[in-house]
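Below are the chains, spelled out letter by letter.
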Amino acid sequence: MSNDSDVMIVGMDLGTSSTAALFKGGNVYLPSVVGYAKPGVLPGLLPAGKNVLFGEEALIHHNLVTTVWPIRQGTIADSRAATDFCAHVSQLIDPTRKRQINVVVGTPAHAPTRHMAAARQVLAGSFHKVQFYPEPFLEVMGLRAEKGREGQADPALNSLVIDIGAGTTDVTVVQGLLPGADRQRSVAIAGDEVD
């Protein structure tokens, strides 16, 4: 049985464009892209002889690698690349690989069950425990934690929260303590579509 110092709780936004992971004592932020070395790339052209690059490194060497964006419209689009990417993020969070990493992951509002199952399968290979919450719900909770004080008015009450990501736009109406499922919507028109 592990003690509390052996467990890390990580909040993660596994995004279409970029991924952010926040945890006590640090954070990870990188573009959600994987680069696989193209056939015939000469040894020494890629950094440290790597065959797989992640984030900025994959983008910098885009002419030598096949770039894969594993997330599209908030869901897993390429499970192999997503699995490799999550393993890389896990390594960045705990290079020693000695701690249990539990993640809380934001998902688009009303993500279909099959998409959640695919995400769980990808994440389970790199993290010990995985919990999903709709992104609008997490934003409301974050707003309350950041702004709310004992005896002060609820900063999220009677508000409209809009999260425009690269793959989805999530909207929620907050009229009580927690936004119900009927008050959350996700549409696949977002930053990438606008660009």
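This text follows the structure it describes.
Here the structure is a predicted model, which is why all the values come from computation and not from measurement. (Residues numbered from 1 in each chain as written. Predicted model: local features only at pLDDT ≥ 70, side-chain atom pairs only at ≥ 80, totals over all residues. Heavy atoms only, no water.)

S.K.: Which parts of the structure should I look at to understand the overall build of the protein chain?
M.R.: Within the protein chain, the secondary structure is distributed over five helices and 13 strands. A buried classification covers 38% of the 195 residues belonging to the protein chain. In the protein chain, the share of contacts with a sequence separation of at least 24, taken over all contacts with a separation of at least 6, comes to 57%. Accessible area for the protein chain stands at about 11200 Å²; split by element, carbon and sulfur atoms hold 54% of it. (Helix = DSSP H or I, 4+ residues; strand = E, 2+ residues; numbered from the N terminus. Buried < 20%, exposed > 50% of the residue type's maximum accessible area, 1.4 Å probe, protein only. Contact = heavy atoms within 4.5 Å. Areas by Shrake-Rupley, 256 points an atom, 1.4 Å probe, with all protein chains shown as cover.)

S.K.: Can you walk me through the pairing of strand 11 (residues 159–164) in this structure?
M.R.: In regular strands, side chains alternate between the two faces of the sheet. Alternating residues of strand 11 divide into Ser159, Val161 and Asp163, all buried, and Leu160, Ile162 and Ile164, none buried. By the bridge criterion, six bridges tie strand 11 to strand 12 (residues 169–174) in an arrangement that is antiparallel. When the sheet's bridge partners are listed, Ser159 is paired in strand 12 with Val174. The turn joining strand 11 and strand 12, which pair antiparallel and follow one another in sequence, is formed by four residues. (Pairing = 2+ DSSP bridges.)

S.K.: Can you help me understand the nonpolar core in this one?
M.R.: Proteins that are soluble and globular tend to have nonpolar side chains buried together. Counting residues in each nonpolar core, the largest one holds 29 residues, and the members touching the most others are Met12, Ile93, Leu123 and Phe127. Mapped by element, the contributors of at least two residues to this core are strand 1 (7–14), strand 2 (18–23), strand 3 (26–31), strand 4 (34–37), helix 2 (79–93), strand 9 (100–107), helix 3 (113–124) and strand 10 (129–134). In contact with Ile93, other than residues within four places in its own chain, are Met8, Val10, Ala21, Phe23, Val28, Ile101 and Phe127. If you look at the next biggest cluster of nonpolar residues, it comprises six residues, including Leu53, Ala58, Leu64 and Val65. (Core = buried A, V, L, I, M, F, W, Y, C linked by side-chain atoms within 4.5 Å.)

S.K.: In this structure, what is going on with the sheet that holds strand 9? I would like to understand it.
M.R.: The strands making up a sheet associate through hydrogen bonds between their backbones, and the pairing can be parallel or antiparallel. The strand order across the open sheet formed by five strands is 3-2-1-9-10, and the pairing between neighbours is mixed. Here the strands that pair on one side only, and so sit at the sheet edges, are strand 3 and strand 10. Across the sheet, the mean angle separating the axes of adjacent strands is 20 degrees when strand polarity is ignored. Direction of pairing for strand 9 relative to strand 10: parallel, over a ladder of six bridges. Its bridge partner being in strand 10, Val105 is matched across the sheet by Phe132. On the sheet, helix 2 packs against strand 1, strand 2, strand 3 and strand 9 and is oriented at approximately 150 degrees with respect to strand 3. Contacts from helix 3 reach strand 1, strand 9 and strand 10 within the one sheet, and its direction differs from that of strand 10 by about 145 degrees. (Axes fitted to C-alpha atoms, helices over the stretch in contact; angles between N-to-C directions.)

S.K.: Explanation requested: helix 2 in the structure shown.
M.R.: What sets the pattern is the α-helix's 3.6 residues per turn: residues three or four places apart point alike. For helix 2, which comprises 15 residues, the first-to-last C-alpha distance of 21 Å matches the rise-based estimate of 21 Å (1.5 Å per residue) to within 8%. Ala81, Ala82, Phe85, Cys86, Val89, Ser90 and Ile93 are the residues of helix 2 that are buried. (Expected span 1.5 Å × (residues − 1).)

S.K.: It is not clear to me how the side chain of Ser18 should be interpreted in this structure. Could you clarify?
M.R.: Residue placement: Ser18 occurs in strand 2. Within the structure, the side chain of Ser18 is placed 3.0 Å from the side chain of Tyr29, a separation counted as a polar contact. (Polar contact = N/O pair within 3.5 Å; in protein donor to acceptor, adjacent residues only side chain to side chain.)

S.K.: What is the right way to read the pattern of salt bridges from this model?
M.R.: Note on pairing: side chains with opposite charge can pair once their charged atoms come close. With the rule as written, the count across this model stands at one salt bridge. Glu57 is the salt-bridge partner of Lys50, the closest N and O atoms lying 3.1 Å from each other. Glu57 gets classed as partly exposed once you look at its relative accessible area, which sits at 26%. (Salt bridge = Lys/Arg side-chain N within 4 Å of Asp/Glu carboxyl O.)

S.K.: Please explain the side chain of Ser90 as it appears in this structure.
M.R.: As for its placement among the helices and strands, Ser90 is situated in helix 2. Exposure remark for Ser90: the relative accessible area of 3% places this residue in the buried category. Apart from the residues lying within four places of it in its own chain, the contact partners of Ser90 are Arg97, Ile101, Ser126 and Phe127.

S.K.: Would you take a moment to explain the sheet that holds strand 5 (residues 52–54) for this structure?
M.R.: If you walk across this open sheet you meet the three strands as 5-4-6, and the pairing is antiparallel. Because the sheet does not close on itself, it has two edges, and the strands there are strand 5 and strand 6 (65–68). Strand-to-strand twist across the sheet, computed as the mean angle between neighbouring axes with direction ignored, equals 25 degrees. Both strand 4 and strand 5 contribute to a ladder of three bridges, which runs antiparallel. Note that in strand 5 the partner of Gly35 across the bridge is Leu53.

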